[in-house]
Amino acid sequence: MKHPFEGLKVLDFCWVVIGPMTTRYFSDYGATVIRVESGLRPDVIRHGLPFAGNKPGVNRSGYWANYNSGKLGLSLNMSDHRAREIAFKLATEWADVITENFTPGTIEKWGLSYDKIKNKNPGVVMFSASMLGRGGPYDAQPGFGPVLTALSGHTNFTGWPDRVPVSPYGAYTDFLVPYLAFSAICAALDEKRRTGIGQYLDLSQLEASLYFLGTPVMDFLANNNIQERSGNQDPGMAPHGIYKCFGNDRWCAIACESDQQWRSLAKLIGQPQLEKDVRFSSLAARKANSGELDKIVEQWTILHCPDEVMNICQSEGVPAGSVRDSKDLFDDPQHIHRKHFIYMEHAEMGTYASDSSGLIMSETQPNYRPAPLLGEHTHKVITEMLGMSNEEFSLLLSEGVFD
Amino acid sequence: MLKPYRVIDLADDRGIFCGKILADLGAEVIKIEPTTGDPARRLGPFINNDPGIENSLYWQLYSANKKSFALDIHSPMGKEILLKLIPSCDILIESFAPGTLGKLGLGWDTLKSINSQLIQVSITPFGQTGPYKNHLATDIIGSALSGFAHLTGDSDRAPVRVSIPQFWLLGGATGATGAMIALQSRVRNKVGQLVDVSCLESLTRTLSHAPQFWDMNEVILKRSGPFRPVGEKNALRVNFECQDGYVNYIQPGGATGGRAMAALSTWMEEEGEGHPLLSSTDFGEYGFGQIPTDLLNIMNSTLELFFKTRSKIYLSEEAIKRRVLLFPVNNPSDIYTYPQLLARGFFREVTMQNSQKIFTLGPWIQSSDYAIPVKTAPSLGEHSDQILEELGLSRSEIQSLIDNRIAK
């Protein structure tokens, strides 16, 4: 069985998270992905915590490694015209796919605009992503992932109504958009396979992110209704929340989708009489009295460990799930069963954990390989894939073209 | 882009996004829904706050560009019709509990024996196998088990989820990714396959570097409200109150951080609210999160006071002019009026069959050679006749299916 992307050549100028997470699917599933970087201005995530053994270094970030497994590391000093010529040659003579997510104008400044590349490589599929999209008053506004959660509304919808909103942790929207970006690149590749025609794809991270928060905006436009964050409340379920359990900072989520599930919960917490209590007899009543209801539920959960709460509830048909912290995730039986965390051997970091693709496929096995060192494959790419002589390579190396 | 491909979409509100992505990319996506309507049609918010079968905005957003074929696949006749569609189908999407299709006689072995090229994408909370495969889930259960909630919320209260469900949307989006990988595999290997998606894993993949913090440094990151923990002791404030809402300011590291703080302190000084230590320090010397604790505390409190007495719109517009990395914390109304989205015409007006106009989202990607159509979702059974006729059923056979409530 061939890998899904066997033979596909991807020239990857992406950096930080949204781009590299997108192109990691190509390397994990068999493509040759050249990750173009510069040692002079390394990807900011190469300086991102955590570092293996708590020792900083451009080749030691677990954050960076997670999104770059299986790629070839090429270092190019793009301020040197010879480096730009090499990039152009790879783009026009080698690549099937070119990806980038610099601030609009950067890739063009290097002479790597789609129009220029297309002239020599008409079948190429080129993908650009930017924070806010090309064109419009703010297209060149600098910024980075985490601020997008503020713009997309995710921040405002996370937290308690009586408090300042909290953000989802980290550059949350960076982890949403790659699914869309990757699907579109694959669709364009399929069209190219059938017709020979390539295309340019341009994605605004903000616009794509809004597909994960679109209905409240449509609600405002249709009904003038401004929805707000609601802690852990849900309009269609009660009880619905994350309840304190036995232990330090231990919690379990419980959600009753129906009267039947509420009755089961009342029984299993040893309070079957609540079934007939008018305060809780319907969803509307339970919503109206949710403060009291949550207290009653929590009086029970506080006596049990999260997994006890989860297992008792699930065995009675009540949706429940323990709150997992980062350590718990590695011990979670479902993650273990699906091999969610994969372990790879890295030249400098040793063994490190990475997320799997999240997919289990009946015929296709992923081809996980460790992330490259900065510039690890520069010589290989330049001499073997681009065909430059060793002499010329050494000369350019000594003159800083691969810095 | 995916024009030659036919997708049968059996997924309900929990897998709805997968088919939407494929439909937007040009595939023919036939949404097979119960004759009473898909559960997604019952999810609010609703147009005019009226919960009619065509009025769900959730349905509208995530089903536009699909076709609707209302068919009771639980009836013997409905099942037979579905099986007749399988030979022409490239991708089948489903989000039933594991084993459900098998019990209906539509299990993977049956389907692949009819069409060896078929790709089936199964989207479930936890996956087709494993100890949680039969566990019940809702969005908040996913937020908890995935590790998302533990990292999110104020430190003195319970962990929280995002108030707008994310779990199913992430699972659906991952399904589209799996479908695309399987399609490329089929091109090279001439065989379809089963793609098993777990929404849980998709949400766990949004945790940034938190799992790596445990794996590499045995550190468990904790939720810290509007602050962001940086290093062992420090916390950088990221969300601030302003006069009429909230703004977001994240002090970057390195040279970018130096420029950002220089511009911000100049601004605060011009308005008489600067702090000498912020103006005289070169923040470019500090990497992200490396600002010394005392200085960081002064920074946090100075910014709190400055932002609190100014409006969201003033702060955002002035920040753009001064290239300060401050952004509004948008609520739904702010999103609609955000100048960049307005200028790009992102929100589009579309007309429903009953002539009512609604706004929906524009394309999530632009292409030099293709435009994602922007329109309303299909009405219940809008394409039933067309598909039944294609299968060779006569007018009277179709009428009989409708009379028997097998199709609509």
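Just so you know, the residues in each chain are numbered from 1, in the order the chain's sequence is written. Written order determines the labels here, with chains lettered from A and ligands numbered from 1. For this predicted model, a pLDDT threshold of at least 70 governs which residues receive local features, and a threshold of 80 or more governs which side-chain atom pairs are given and counted, while totals over whole chains, interfaces and linings are taken from all residues.

Engineer: Got a minute to help me understand the overall build of chain A in this structure?
Structural biologist: Secondary structure summary: chain A contains 17 helices and 12 strands in total. With respect to the principal axes defined by its C-alpha atoms, chain A has extents near 85 × 50 × 40 Å. Whether a residue is buried, exposed or partly exposed follows from its count of other C-beta atoms within 10 Å of its own C-beta, namely 20 or more, 12 or fewer, or something in between, respectively; the C-beta atoms are built from the backbone. Looking at the 403 residues of chain A, the share that counts as buried comes to 56%. Secondary structure elements are taken from DSSP: a helix is a run of H or I of four residues or more, a strand is a run of E of two residues or more, and numbering for both begins at the N terminus.

Engineer: What's the story with the overall build of chain B in this structure? I'm lost.
Structural biologist: Counting secondary structure elements, chain B contains 17 helices and 14 strands. C-alpha extents for chain B along the principal axes are approximately 85 × 50 × 40 Å. Among the 408 residues that make up chain B, the fraction classed as buried is 55%. Here, residue contact means that the backbone-derived C-beta atoms of the two residues sit within 7 Å. A fraction of 66% describes how many contacts in chain B between residues 6 or more apart in sequence connect residues 24 or more apart.

Engineer: It is not clear to me how unusual backbone geometry should be interpreted in this structure. Could you clarify?
Structural biologist: Negative phi is the rule for most residues except glycine; trans is the rule for most peptide bonds. Residue leucine 49 of chain A is joined to proline 50 of chain A through a cis peptide bond whose omega torsion reads 0 degrees. The topology assignment puts proline 50 of chain A in the loop between strand 2 (32–37) and helix 2 (62–66). In this chain, alanine 238 of chain A is followed by proline 239 of chain A through a cis amide linkage whose omega measures 0 degrees. The topology assignment puts proline 239 of chain A in the loop between helix 9 (214–223) and strand 7 (240–244). A positive phi angle, close to 55 degrees, is found at glutamate 218 of chain B, a residue other than glycine. For glutamate 218 of chain B, the location among the structural elements is in the loop between helix 9 (210–217) and strand 7 (227–230).

Engineer: Where do I start with the interface of chain A and chain B in this structure?
Structural biologist: Bring the parts together and some accessible area is lost; that lost area is often taken as the interface size. Listed per partner, the contact involves 130 residues of chain A and 127 residues of chain B. No other element matches helix 7 (residues 177–195) of chain A, which puts 11 residues into the side of chain A that touches chain B. Note on pairing: DSSP must find at least two bridges between two strands before they are called paired. Sheet topology places strand 6 (residues 199–204) of chain A next to strand 14 (residues 366–367) of chain B; 2 bridges connect them, and they run antiparallel. Bridge pairing in strand 14 of chain B places aspartate 202 of chain A opposite glutamine 366 of chain B.

Engineer: In this structure, what is going on with the sheet that holds strand 11 (residues 326–328) of chain B? I would like to understand it.
Structural biologist: The strands making up a sheet associate through backbone hydrogen bonding, with each pair oriented either parallel or antiparallel. Residue and element names in this part refer to chain B. If you walk across this open sheet you meet the 3 strands as 9-10-11, and the pairing is antiparallel. For this open sheet the edge positions go to strand 9 (239–242) and strand 11, each flanked by a neighbour on one side alone. Sheet twist, expressed as the average angle between the axes of neighbouring strands with direction ignored, equals 35 degrees. Relative to strand 10 (residues 245–249), strand 9 runs antiparallel, the two being bridged by 4 bridges. Considered in strand 10, the bridge of asparagine 239 is made with asparagine 248. Packing against the sheet, helix 12 (residues 293–308) makes contact with strand 9 and strand 10, and its axis sits at approximately 35 degrees to strand 9. Note on method: axes are straight lines fitted to C-alpha atoms, helices fitted across the in-contact stretch only, with angles between N-to-C directions ranging 0 to 180 degrees.

Engineer: Could you clarify how one ought to interpret the domain arrangement of chain B in this entry?
Structural biologist: Residue and element names in this part refer to chain B. The split into domains, and so the bounds of each, comes from an automatic or database assignment of domains. The domain boundaries assigned to chain B delineate domain 1 (6–205 + 346–403) and domain 2 (218–339). Here the C-alpha centre of domain 2 lies 41 Å away from the C-alpha centre of domain 1. The interface is formed by 8 residues belonging to domain 1 together with 6 residues belonging to domain 2.

Engineer: What exactly am I supposed to notice about the sheet that holds strand 3 (residues 66–70) of chain B here?
Structural biologist: Reading across from one edge, 12(A)-6(B)-5(B)-4(B)-1(B)-2(B)-3(B) is the order of the 7 strands in this open sheet, with mixed pairing throughout. This sheet does not close on itself; its edge strands, each paired only once, are strand 12 (359–361) of chain A together with strand 3 of chain B. When the angles between neighbouring strand axes are averaged without regard to direction, this sheet yields 20 degrees. With 3 bridges joining them, strand 1 (residues 6–9) of chain B and strand 4 (residues 91–94) of chain B adopt parallel strand pairing. Bridge assignment links aspartate 9 of chain B to a residue of strand 4 of chain B, and that residue is isoleucine 93 of chain B.

Engineer: Can you walk me through helix 3 (residues 76–85) of chain B in this structure?
Structural biologist: Quick reminder: α-helices carry 3.6 residues per turn. Residues three or four places apart thus point the same way. Residues and elements named next belong to chain B. Turning to helix 3, its buried residues number three or more, namely Gly78, Ile81, Leu82 and Leu85. Around the axis of helix 3, the buried residues are gathered within 100 degrees of arc, so they sit on the same side. Of the residues in helix 3, the exposed ones pointing more than 90 degrees away from the buried face are Pro76 and Glu80. Looking at the buried positions of helix 3, the neighbouring elements they touch are strand 1 and strand 2 (28–33). Read the arc as the range of directions from the helix axis to the C-beta atoms.

Engineer: What is the right way to look at the packing of helix 1 (residues 16–24) of chain B against helix 7 (residues 167–189) of chain B in this model?
Structural biologist: Packed helices, taken two at a time, are described by the angle their axes make and the gap between the axes. All names here are of chain B. Remark: helix 1 packs on helix 7, axes separated minimally by 6 Å, with the N-to-C direction vectors making an angle of 45 degrees. If you check the angle between helix 1 and helix 7, you find them oblique. When the axes of helix 1 and helix 7 are compared, the crossing they make is right-handed. Residues Ile16, Phe17, Cys18, Ile21 and Leu22 of helix 1 lie in contact with helix 7, whose contacting residues are Leu169, Gly172, Ala173, Gly175, Ala176 and Ala179. For this scheme, ten residues count as nonpolar: Ala, Val, Leu, Ile, Met, Phe, Trp, Tyr, Cys and Pro. Four count as charged, namely Asp, Glu, Lys and Arg, and the remainder, Gly too, count as polar. Class assignment for the residues of the contact of helix 1 with helix 7 results in 9 nonpolar, 2 polar and no charged. In this scheme, roughly parallel covers angles under 35 degrees and roughly antiparallel covers those over 145, while 65 to 115 is roughly perpendicular and the rest are oblique. With the far helix as reference, a near helix turned anticlockwise by less than a right angle produces a left-handed crossing, and one turned clockwise produces a right-handed crossing.

Engineer: What is the right way to look at the pairing of strand 6 (residues 193–198) of chain B in this model?
Structural biologist: Burial runs high along strand 6 of chain B: 6 of the 6 residues are buried. Side chains of strand 6 of chain B alternate between two faces, with Gln193, Val195 and Val197 of chain B and Leu194, Asp196 and Ser198 of chain B buried alike. Judged from the 3 bridges that link them, strand 12 of chain A and strand 6 of chain B form a sheet pairing that is antiparallel. By the bridge assignment, methionine 361 of chain A is partnered in strand 6 of chain B with valine 195 of chain B. Looking at chain direction, strand 5 (residues 119–124) of chain B and strand 6 of chain B are connected through 6 bridges and run parallel. For serine 122 of chain B, the partnering residue across the bridge sits in strand 6 of chain B and is aspartate 196 of chain B.

Engineer: In this structure, what is going on with the packing of helix 1 (residues 18–28) of chain A against helix 7 of chain A? I would like to understand it.
Structural biologist: Residues and elements named next belong to chain A. For the pair helix 1 and helix 7, the least separation of the axes is 9 Å and the interaxial angle reads 50 degrees. By the angle between their directions, the pair helix 1 and helix 7 is classed as oblique. Between helix 1 and helix 7 the crossing geometry is right-handed. Contacts between helix 1 and helix 7 pair Ile18, Met21, Thr22 and Tyr25 from the former with Val177, Pro178, Ala181 and Phe182 from the latter. In terms of residue class, the contact of helix 1 with helix 7 is built from 7 nonpolar, 1 polar and no charged.

Engineer: Please explain helix 7 of chain A as it appears in this structure.
Structural biologist: Residue and element names in this part refer to chain A. To estimate how far a helix should reach, multiply one less than its number of residues by 1.5 Å. Here helix 7 spans 27 Å end to end across 19 residues, near enough to the 27 Å set by a 1.5 Å rise per residue. Helix 7 sits mainly inside the fold: 15 of its 19 residues count as buried. Immediately downstream of helix 7, the backbone of glycine 196 shows phi near 80 degrees, a positive value.

Engineer: Could you clarify how one ought to interpret the confidence of the model for chain B in this entry?
Structural biologist: In low-pLDDT regions, the fine details of the predicted coordinates are not to be read closely. For chain B, per-residue confidence averages 96 on the pLDDT scale, and 100% of positions sit at 70 or higher. Here the predicted complex carries an ipTM of 0.98, next to a pTM of 0.97. Confidence per residue, as judged by the predictor, is encoded in pLDDT with a range of 0 to 100.

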